[in-house]
Structure formats: structure tokens, C-alpha cells
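# Structure assessment
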Amino acid sequence: MGVVVSVCAFHLTTAIDIPLEVEQLPTITEASPSSLIAFPFDESFPMTCEAKGNPEPEFRWTKNGEEFDPYQDPRLIKEDNSGTFVIPNTGNLTEYQGTYRCYANNKLGTAITEEIEFVVPHVPKFPKEKIDPIKVEEGQPVILECNPPKGIPPLQIYWMTIDLQHIEQDERVSMGLNGDLFFSNALEKDSRRDYCCFAAFPRIRTIVQKNAMSVVVKSTVQELDPCIALFEKLTNSILERKPSLLMPSGVKSETQLVNGDELLLECIAEGIPTPKIEWVRMGHRLPDRATIENHGKLLSIDQVNEDDSGKYMCKAKNIHGEAKHSFDVSVEGQWKNSQLSTIGSDVRIKCSATGTPQPTIQWRVNGKPLKASNRKVLDDTIVLHNAKSIDSAVYQCEASNRHGTLLANANIMIMSKFMGLRWFYSLLLKIASTFLLNLMGTMSLCVIKVMLWWWCFSDVPDAPENLVLSEHKGRSVKLKWIPGDDHNSSTTDFIIEYEESQWEPGNWNELQRVPGNHGSAVLKLYGHVDYRFRVSGVNAVGRGRPSEPTERYKTPPAAPDKNPENIKIEGHLPHEMDINWEPLSPIEHNGPGLEYKVSYKRQDVEEDWHEHVVKRHSFVVKGTPTFVPYEIRIQARNYQGWGPEPKVVTGYSGEDFPSAAPDDVEVEVMNNSLVKVSWTRVHKDKLHGHLGGYRINWWRLRSLLDSKKTHGNKHTLTFPGDRNHAMLPGLTPFSEYSLIVMTFNGRGNGPGSHAVNFKTPEGDVQKHIVALTWAPPLVANGVLTGYRLEYQLINDTEEVGVLQSMDISSPDTTSCVLRNLEAVSRYKFYLRSCTRVGCGPQVSEESTTTPVARKSHRPGCCRAGGGYWRKSYRDRKGISEAVNTSKTFHIIEGLEPGTAYTVRLMTNNWVDNSSIFEDVIRTRVKGLASIHGGISTQGWFIGLMCAVALLTLIVLIACFVNRNKGGKYAVKEKEDLHPDLESQGMHDDTFCEYSDNDEKPLKGSQHSLSGQIKAEDSGDSLVDYGDEDAQFNEDGSFIGEYAGRKEKRVSMEVKGTTNQSKA
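Residues numbered from 1 in each chain as written. Predicted model: local features only at pLDDT ≥ 70, side-chain atom pairs only at ≥ 80, totals over all residues. Heavy atoms only, no water.

This paragraph deals with the side chain of Thr760. Assignment of secondary structure puts Thr760 in the loop between strand 60 (756–759) and strand 61 (768–773). A polar contact is formed between the side chain of Thr760 and the backbone nitrogen of Phe734, at a distance of 3.0 Å. Other than its neighbours up to four places away in sequence, Thr760 contacts Asn672, Leu704, Leu731, Thr732, Pro733, Phe734, Ser735 and Tyr737. (Helix = DSSP H or I, 4+ residues; strand = E, 2+ residues; numbered from the N terminus. Polar contact = N/O pair within 3.5 Å; in protein donor to acceptor, adjacent residues only side chain to side chain. Contact = heavy atoms within 4.5 Å.)

In this section: the state of the cysteines. All chains considered together, the criterion is met by 4 disulfides. The disulfide partner of Cys146 is Cys197, and the gap between their sulfur atoms is 1.9 Å. Taking the sign of the torsion about the S-S bond as the criterion, the disulfide between Cys146 and Cys197, at about -65°, is left-handed. Of this pair, Cys146 sits in the loop between strand 14 (142–144) and strand 15 (156–160) while Cys197 sits in strand 18 (residues 192–201); the two residues are 51 residues apart in sequence, bridging distant segments of the chain. Both residues of the pair, Cys146 and Cys197, belong to the buried class. With a sulfur-sulfur separation of 1.9 Å, Cys834 is cross-linked through a disulfide to Cys839. Across the disulfide from Cys834 to Cys839, rotation about the S-S bond amounts to roughly 90°, and the bridge is consequently right-handed. The class for Cys839 is partly exposed, based on a relative accessible area of 34%. (Disulfide = S-S within 2.5 Å. Buried < 20%, exposed > 50% of the residue type's maximum accessible area, 1.4 Å probe, protein only.)

Quick look at a nonpolar patch on the surface now. Taken together, Leu950, Leu953, Ile954, Ile957, Phe960 and Val961 make up a surface patch of nonpolar side chains, about 610 Å² in accessible area. With respect to the element layout, Leu950 can be found in helix 3 (residues 939–963). (Patch = residues over 30% accessible without salt bridge, like charges linked within 9 Å, V, L, I, M, F, W, Y side chains within 5 Å. Areas by Shrake-Rupley, 256 points an atom, 1.4 Å probe, with all protein chains shown as cover. Salt bridge = Lys/Arg side-chain N within 4 Å of Asp/Glu carboxyl O.)

A separate point is the packing of aromatic side chains. Applying the stated rule across the entire model yields 20 aromatic pairs. Each ring, one from Phe183 and one from Tyr195, has its centre 5.9 Å from the other, and the planes form 90°; the classification is edge-to-face. On the criterion of sequence distance, the pair formed by Phe183 in strand 17 (residues 181–183) and Tyr195 in strand 18 is long-range, its members being 12 residues apart. Given the relative accessible area of 2%, Phe183 is considered buried. Judged by relative accessible area, which is 3%, Tyr195 ranks as buried. Taking 5.4 Å as the distance between ring centres and 65° as the angle between the ring planes, the aromatic pair formed by Trp774 and Tyr787 counts as edge-to-face. Of the two residues, Trp774 is situated in the loop between strand 61 and strand 62 (784–793) and Tyr787 in strand 62; the sequence distance between them amounts to 13 residues. Over the aromatic face of Trp642 sits the side chain of Lys597, whose NZ or CZ is 4.6 Å from the ring centroid. A cation sits over an aromatic face here: Arg695 above Phe744, 3.9 Å from the ring centre. (Phe/Tyr/Trp six-rings, centres within 6.5 Å; stacked < 30°, edge-to-face > 60°. Lys NZ or Arg CZ within 6 Å of the ring centre and 35° of its normal.)

Glancing now at the sheet that holds strand 40 (residues 476–482). The antiparallel open sheet is built from 3 strands, whose spatial order is 39-40-43. Looking along the sheet, the strands with just one partner apiece sit at the ends: strand 39 (465–470) and strand 43 (520–524). Across the sheet, the mean angle from the axis of one strand to that of its neighbour is 25°, orientation sign disregarded. The sheet contact formed by strand 40 and strand 43 spans 5 bridges and is antiparallel. Along strand 43, the bridge assignment pairs Lys480 with Ser520. (Pairing = 2+ DSSP bridges. Axes fitted to C-alpha atoms, helices over the stretch in contact; angles between N-to-C directions.)

Within the structure shown, the criterion is met by 35 salt bridges. Glu497 is the partner of Arg543 in a salt bridge, and the nearest nitrogen-oxygen pair spans 3.0 Å. Of this pair, Arg543 sits in the loop between strand 44 (530–538) and strand 45 (553–554) while Glu497 sits in strand 41 (residues 493–500), placing them 46 residues apart in sequence. When the shortest N-O distance is used, the salt bridge between Glu499 and Arg532 registers 2.8 Å. Here Glu499, found in strand 41, pairs with Arg532, found in strand 44; they are 33 residues apart in sequence, far enough to count as distant. Residue Glu499 is classed as buried on the basis of its relative accessible area of 2%. Several salt bridges converge on common partners, so that one network encompasses Glu278, Lys317, Glu322 and Lys324.

So, about the environment of Tyr737. Along the chain, the position of Tyr737 falls in strand 59 (residues 735–744). Residue class for Tyr737 comes out buried when judged on its relative accessible area of 3%. Those residues in contact with Tyr737, other than ones at most four positions away along the chain, are Trp698, Trp699, Arg700, Leu701, Leu731, Thr732, Val756, Asn757, Phe758 and Thr760.

Below, the structure written as C-alpha cells:
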């Protein structure tokens, strides 16, 4: 007997690529993740199960351990020749919640997927509890526990006050990885009654708040004699003590990781003075990838490997001593590639699984629990004693602990010596691999061992051949083909394309894809189309050439299969309603004579449908009342009949200008540059359209140092949505202003309110800051150790300021904020990248600071800022990021080169998503510039220019020598009389001049060096310009979309444009 073993642990791919024409067990090629979350805003949820094998596998499912047939539920969407089905989001998903498993079987065996848990998420909640005040003496450590509820990861924890001000964190006060807030030593200023833990679950767009906690810090010297108390306060000697660790406990712990994981080690200490944390690696230096975060308390190493294994130690030190904790870190490699082998007459299958706690292993055969007979289980190994053909099967190893379950399939084929050798040598022509072949004869005890190395190259598949159309059924036909040679890389997909002769002759369009182990497909076609088809194969190398096209096949005409989509109802004039829709594409007509029936009627009014048949894809209803709701439906038809029953959509007739102004306009001065404006909302009957929001127009009348009033330039801010107050920022201190408020809709502005005058208080002068950002060098030429930044004042005078310099020691730093610069002054900045050998060439940029008055926060104002950025493309997908309010800039990473993005800044008070600022940016195309200042600073370019300059000098010297020879010859006279235009050009001063301009932007900086100075103080918050009051549900939860509304915006000081890239 010969044995062929193909094992893969914890991977859904096999190490040996077996061609599909060879008879083989099923192999799972694609499956859903072990946890499939039904987010309420997704349209559908695919339960994926794909497999290959020969014979072609059949599929079945179980749910919660019982048989489950997707074809028995008409609501589920099934795919032909596949185990995949799709659960549509029809609103009632709870009945589909459960644990699923897919089985792919043929006559040789059965492969199974991991268990797939379909989860319908609930809103996480903190338990309702009464938390007693925490009383502690000054100097003692304090731990505020968060204990966030379980929910869909990732989880983000924030500590804030009840009015959403962040709790300031430093070496003394910080948050641990578990979300708890640690005080190394409590001070009297820590006493407050509103420490709140917020848990954010961004994947379900939910934030929940824990009940506020109260901390009371008692002074240790309050009851002492006044003289002694004064002495103790000055010396603080009574409280001082050496450090001890709050986190972790004990003196030693172990951490096990797998290649590619992230290592996080945390040490939080208490003591007085506040301890400082140091990190060391015993016997080695810390890896270059190691970063120290959270004020020195967190050591992070990304993408660990075996070389990162070892002993790490944290040391908490102050003047009175130190505390230590050691971490034994072990990193294990992933499972190695399997091999083909024959081990006598016994077969051993090993399943290696590690974890904490140690996983338990369960063995299955063809998806069923393993039974005895000739199979023995020895810990993590199965031994098949005296293996026979009936032992051919798919063996499953399932390892689980309290953290989860992993599953691996191992395909075991037992075959005779003759069949095994025949199969093996056919396999040699397909496989680029190294493996060991052991052969054993059945008549003797002799064992022959042969080591074979087979080297070959992969290529795209050849074109399929012998395309045949069969089973003609009107608007469906079966297409068969014979695959071409896959050139040592198995075909993963076949792409079927069609070309039709009427609308786009000669253009090939993709019709459908089928798995690479299929040789036929049933094609669903449109009516009244003259088709022909072709097929091409795809493998890991790429897509191969298409086949020769089939003969033409014309489908009979039929009624339309669908109705128009994307119906839009707009009203450009008060008594009209414009209805537009996306027409059916020509191939979707299904036959000649396409028309659309437009039906409409007043909503909530007893009247018949008004119907009109048109051939265009728009219709205008005239004589409508102003801004009333209508129901509209559009149905397609052709000469063969009507399309399906249309859906009813709702829209409004045309809008008119608002007829009323906001009342009771009041102004509350918040500080010298910020005021709060409030008003009474305009009644909806006076809006005459969709409320767009409110606009505030204001102008400066005079400085309070000047008695003469002048009407300054008008400024406008737009605040979308239904609201009754807003913030006006950026006012000039010690000035008198006037403002009016108006509402607007889609038609335009309504009348303005009565003007309200107000005055701003005095302000003080602030030094200015500049925020610099850059990208790392494309080629560091060594280990990058940091950067050197230099800058100087270069106002428009002959003298320049003193050159200031600073060294940035962290190579991961890509931004810097320079403070206390002169106002309204021009500076030049120089940046170099440094390695251990030295610093490279510099890039430079200039920028001018601008004047601004310092802004002070009113007590109780929210300081938590929020940022939102959205890629501008058709699907309108958005990503939101929190903005660090302690900084005056924010870097958005992970953007695609050469792509337009819409960036919004908005308040983050969980009630109002209105944006404060909105603009469109476009990222640079990758590779067009570099950190070294562009092409003009590249070595090859400089060398080329030097060569051109040298050649130019030689030509000029030759011309000069020739001119000074004197005398003219006959040939020279003829040249003077009949000059050669081509040679004449060589004597002109037309040689290209080369200049190296220093003033080039840094790569990837988005021109952040070129004048985009952050004028606000670093402590200012974006939320200061939005709503103050954050509303939560009774259970402390909040669910809201981060994306902004889609209201129309009219031109304003703060721009609000949104680009759409059309597909």
C-alpha cells in the first residue's frame, strides 16, 4: 500500500496544489468568518461556503446542530453550484440568529467549515447601579473601575466629565488597557463628583455612559497644628514613599503570542514622588519597532516574530526606590507547509494547537466524531494502524478554549501502489514543490527512499476550448467548455463574457463568474438580444486569454424584468414637481417599444391616481400646491407587456421661500472672540419647504476704541438642521457687532430677523504657532534615527533671524508644533532625515503666521472635539476619527493616492452632527514627489545637468576660438550669405537653464507647511462651536450615525462642498 498525506492546520488552503482532473477529497476554499455580525445598516449578510473536489462536492448546512436547508426558506437568496446563501436584511433577523456549519461532500469524504455564529447585536448597557463616593487620603493611590459592557469589538474607552470634558492624563493619572483610571497618588484637586466612563462601539455606532463616580480626597494635614501643617505642606515628607505596582500584580507573568500578533506590556505604579517607568529587555536591546506609549507605561511591539521572544522587564523608580515586574514572552511560528509522505503501513496525523489556557482537541472524520477501530488517539496525534482504502477521508482537528474555536481539515488518501505511483507522476507535472516520496513494496521488506526536487514556472491559464451551447430554454442556455492548461497554478475562476450585436457591437461585457473546478454554467439572459459568448480562466498569476467566441444565440422578446430605479422628486418652482429617474439600459428593455407609466397622487388625500405614459425618463407635474407630499410610482412596459408591480416612493412638490423670520434673537457673550446666538424656531407652516437650517449674518460696526461706526464686511455662517442656537467664533475683541438670523430651505433664504447689537470684551495678544507635517523618506539608506528641524525668521528685509534648530529623536514622528513665533511674520523651515551615520539633504518650506486673539473657554463648555472625513465616491461610505483636542492639527492616514476626499470637522456632543468646517482635498499621485524635494534633487538628475552644463561650456569655448581665428574663406562667405537655419539655432542662447528651487513641498504633507497655520490655541475645542448639551437614553446609551446630513448648502465663509465621483 502507498499513503499520500496532505495536512493543513488552521488554514483553509492546502500546501499541495492538486489538479482538479485528479480524483480527490473535498477542500473548503472559502467560508464566512467564525462570527458574522448583522449590522442593522447592512443590506444583506452572505453565509459563504465554497469548496473544490473531484467529483464536484455537494453542500448541506446545519443550524444549532440540526439540519438546515436554505432552499426551504424563500426569503433566502441562493447561488447556483455553490453552498453560499444570503440572508437579506428585511428587518426581522432574530429568527436567523444561531450557529451554522457547512458540509461539502463527495463520494470520497466530507470537509466542514468552522462553526459560523450569526449574531444580531444588541445595544450594550452599563448596569444600573448606585456607586458610593470613593474617599481617600491625599497621596494614596486610587483606581476608578470602568468594567465596560460586552459588545461588538473594537471597544474604545474614554474618561470624561458629565459635560464631556476629557479627564487630563499624565504620568500621575492614566488609563490602563482594561479601561480603569489609575491615580498614582491622589491630590486635593482630583476631588470631583463627575468622573464618567464612556464605552464606544464604533461598528454599531453606539456609545454608552456609566453612572458618574465621585472622588473625595482628604488632606493629610487638615487636623494638625497650623504650624506643623504648614511645615508638612512645604516638605511633603509624610506622604513620600517608594513605588509599588498597581498593574500587573506579582513580580512575574507569561505572555504567549503567534507570529504577526501585537505585543502589549503594561506597568502602572503608585508612589510619591510619582514614579517613572523604564523598560528593558534582558540580554538584548529593545527592538527598533518597540514604542513606548501612555506616558511610559505601555510597551508596544507590532508584528512580532520569534526573534522578539525573551524576558522583558519594567522598572518603576523614584528617589525612594524601585519596583520591578518581568514578562516572559514567547512567540511561536505559524504551522509549516504540509508534505507528501509514506510512513510504512501506518499513518500519523498531528494537530498542533497552542493557547492560554491550553486548548482541548476534538477529532472528527468526514464531519462526524472519531470512532475507534484501527485509529488511535495519542494526545495531539491520530495513528491509523495498517491503513486501508476505507480510511481515505477528511480528518478534522478542532481546538477550543474559552476564547474560541479553530478548525483544520486534513485530506488523507489511501491508494494502491500502482494507482499511487500513477497519480503521483501525473501530479509531478503540476506541482512546483519539494517533497519526500517513500515507496514500499508489498512482497519484500526493502524500502526505497527517493528525494525529488521539481522546479518549474507558473503562467496564466491557456484559453478554454470547445465551447458548446446546449439546453436552449428561451432566455437561458447552458454553456460548456474544456479548460486550457493552467501552467502549474490551478484555475480559481472562469469569467464568462458576452457581446451583443445591436447596442454595443464589438464590446465584451462580463456576464458571470464560476469556480475554477466547473466546466459549465447556466446563463440567465435578457430578452430580444443577439448574444455570443467567450470564456477565460484566472489563476494566481493572472487572467488568461479568452476562448474563441461561440455561435450567436438570439433570445425571444419578453416584458421588462424591472422598473426604473433612483427616482428623484424635486421642486424648482412653487407650483411644479419634477420627477426624474434612472432609465433602463438598452439591454434591459427585453424588447422593442419601451415606455414608462408615471402615476402620482396626493398623499393622505382620497383621490385617484393620475397616469401619464412617456418615453423619456423625466416628467413635470404642473399646477401643484406648494410643498405638499405626493406618492409616485413608475412602471416600465414594452410591446410584450408590463414590468413588475412598481414600488411607491414619496416626494414633495415645489418649495417657496420661507415667509417668517426667527423671533426672540439673543446674544450671549462667551469670551472675547466667541458668542452664543439663540432664537425661537420658525414654525413649519412658514417654512414652505424642507428646512435647510439657519444662517447668521454679522458685521463689525466699530472698535470700542473708536466712537465712529462703520458698516464692515458682512460675514455668514450656515448651521444645517433644526436648531435654536449656534456659536459665532473668530470675532475681534473689544468691538461692537450687529447680526441678523434667517432660515432657509431648498428655494432660498427667508426674511432676516431684527438686527441685534452686541459688544465683545477685551483680549490679550497671543504668540503664534505653526504645525509641520511630513512623510518619511522613501529610501532611508540605513536605520532611520530621527530628524533635524531648523527654522529662522525671513521677513522681507536683507537681514534674517537667528537659525533655530531642534533634534527629533523618534523616527516615527511625522509632525511637530512650533510655538511662540512672532505674529504676522514669515519663517523658513528646513528638515533633514538622519541615520546613525548622519543627516541627509534638506527640504525647505516657507510660511507666514497670522494674527488672532486668544480664546478662553467658558467654564462648563464642552472641549471634546470630533473629526469626520469621508471619501467622495458613489456609495457614500464614510469613516470618522476622533480629534485630539490638545493638538491644533490632525493627521489622516491610510488615504489612497490620487483620490478626492471630503473632510468635515464637526462637534462631538452626540446630538448635533452639523459641520463647523468642510472642504475637499485631493491626495497626491504616488511616486510623483519624494521627501528629497522632487526630481531636482535626485543624484542622477544633478549629474545629467552638470554634464549638459559642461558640454555647453565646451561649445561656447569652441565658438569663441573659431571667431578669433580671423579672415573669411569662400565657404565661410557662402555660409554668411546663405545661413543654415538648423545650424544657426545652435549659436543662439537657447540652451536650457537649470535651477534648483528650494521651495518645494514635503511629500505627503498635503501642503501643510505652506501657510495652513493653526491660528487657534491648542486647548481650543471644535465642540465650542456646536451644541453644549449631550443627550443620552435612560439606559445611558446613544446610537447615532457619524455621517453628516445631505442637506443642500449655500455659499458661506466656512465652505461645505461635497464631491461625488461618478461610476
